[in-house]
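# Structural characterization, general
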Amino acid sequence: MARKKRTNDPEGMRRRVLDVAEDAFQARGYHASSLGDLMAAAGVTGGALHHHFPTKKALALAVIEERVAAAVRETWIDPVLAAPSARQGVRAVFEAVAAELEQQGYVRGCPLNNLAHELSLADDEFRLALAMILADWRQAIADKIRADQLGDGEGGTDPERFAALTVATYSGAMSMAKTSQDARVLRECLQGLESFELLPSQGGLTAKHRRRVLPRPKIG
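Keep in mind it's a predicted model, so treat the numbers as computed, not measured.

### Focus: the nonpolar core
Residues Trp76 and Leu186 are the most contacted members of the largest nonpolar core, which totals 60 residues. Looking at this core element by element, the count peaks at 11 residues for helix α4 (residues 56-82).

In structure tokens form, the structure reads like this:
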């Protein structure tokens with residue numbers, strides 16, 4: 001009888017460990033997820049795990065750099081850059097995330113938020129990796145505003161301030177939605193963002209020069 005060949009798929013095993021760790025860190029947090037639990041859930045031995053991730057910290061950094069960064073790009077950066085305008089892109093993301101969470105029936109929060117709250121003060125490498133993702137997110141929105149300005153739009157909008165306010169509003173909305181287990185908070189915060197007036201950074205401007213950050217779309 002022929003012996004069954006062993007399947008050697010180190011990359012597949014690495015992806016499986018990342019899948020399990022990503023889900024565990026999102027659901028329970030980094031500190032509450034033991035390596036033993038992660039190994040059991042992924043179906044790998046300690047030797048196999050440590051071959052790819054020598055320490056739990058190395059595993060967490062891989063989750064941040066490969067999975068969380070990709071999630072922010074897929075959820076936020078790519079849709080905003082592909083939208084007709086930054087404002088339309090921001091609105092579309094808020095509405096899409098709210099709809100997905102409502103269909104899902106529960107809110108685990110933003111992966112970036114969750115890890116930033118837990119790990120930013122724990123270790124400088126964690127903090128810098130998370131800060132880089134936040135910086136890329138803000139930069140993408142600011143760059144989209146600048147692109148809109150090249151097309152004769154957004155003349156009175158400060159790109160960096162608009163980006164900072166958008167990221168802060170979404171991050172706060174996700175934290176509140178997680179606490180209340182109510183995705184409607186995202187829609188409420190979007191309404192607030194749309195109605196909030198942001199004075200451009202240039203001096204000497206009067207109130208009549210203020211622009212709505214996300215003006216409501218005209219109906220009819």
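### With respect to the packing of helix α7 (residues 124-150) against helix α8 (residues 159-180)
For the pair α7 and α8, the least separation of the axes is 8 Å and the interaxial angle reads 130 degrees. Here α8 runs oblique to α7, going by the angle between their axes. The crossing of α7 and α8 is right-handed. Between α7 and α8, the contacting residues are Leu134, Trp137, Arg138, Gln139, Ile141, Ala142, Ile145, Arg146 and Gln149 on the first element and Pro159, Glu160, Phe162, Ala163, Ala164, Thr166, Val167, Tyr170 and Ser171 on the second.

### Concerning the packing of helix α1 (residues 10-27) against helix α2 (residues 35-42)
Relative to each other, α1 and α2 sit at 125 degrees, their axes nearing to 9 Å. If you check the angle between α1 and α2, you find them oblique. Where α1 crosses over α2, the handedness of that crossing is right-handed. On α2, the residues touching Arg16, Val17, Val20, Ala21, Ala24 and Phe25 of α1 are Leu38, Ala41 and Ala42. Across the contact of α1 with α2, the residue classes tally to eight nonpolar, no polar and one charged.

### Points about the packing of aromatic side chains
All told, the structure shown has seven aromatic pairs when counted by the stated rule. Ring centres of Phe94 and Tyr170 lie 5.5 Å apart, and the angle between their planes is 90 degrees; this geometry places the pair in the edge-to-face category. Highlighted residues: Phe94 in helix α5 (residues 86-104) and Tyr170 in helix α8, separated in sequence by 76 residues. As far as burial versus exposure is concerned, Phe94 and Tyr170 are alike and both buried. Aromatic pair Trp137 and Tyr170: ring centres 5.8 Å apart, planes at 75 degrees, arrangement edge-to-face.

Rules used in this analysis
- Per chain, residues are indexed from 1 in the order of the written sequence.
- With pLDDT at 70 or above as the cut-off, local features in this predicted model cover only qualifying residues; side-chain atom pairs require 80 or more to be listed or tallied, and sums for whole chains, interfaces and linings still use all residues.
- Computation of side-chain values: all heavy atoms of the structure, hydrogens and water removed.
- By nonpolar core we mean a set of buried residues, namely Ala, Val, Leu, Ile, Met, Phe, Trp, Tyr and Cys, connected to one another through side-chain atoms within 4.5 Å.
- Summary of the burial criterion: residues with accessible area below 20% of their type's maximum are buried, those above 50% are exposed, and those between are partly exposed, where the area comes from a 1.4 Å probe applied to protein chains only.
- Counting from the N terminus, the helices are DSSP H or I runs at least four residues long and the strands are E runs at least two residues long.
- All axes are obtained by fitting lines to C-alpha atoms, using only the stretch in contact for helices, and the reported angles, taken between N-to-C directions, cover 0 to 180 degrees.
- For classification, angles of less than 35 degrees are called roughly parallel, those exceeding 145 degrees roughly antiparallel, those between 65 and 115 degrees roughly perpendicular, and all remaining angles oblique.
- In this scheme the handedness of a crossing depends on how the near helix is turned from the far one: anticlockwise by less than a right angle means left-handed, clockwise means right-handed.
- Note on definitions: a residue-residue contact is assigned when non-hydrogen atoms from the two residues lie within 4.5 Å.
- Amino acids are sorted into nonpolar (Ala, Val, Leu, Ile, Met, Phe, Trp, Tyr, Cys and Pro), charged (Asp, Glu, Lys and Arg) and polar (every other residue, Gly among them).
- Side-chain rings of Phe, Tyr and Trp, where Trp is taken by its six-membered ring, are said to pair if the distance between their centres is within 6.5 Å; with planes under 30 degrees apart they count as stacked, over 60 as edge-to-face, and otherwise as tilted.

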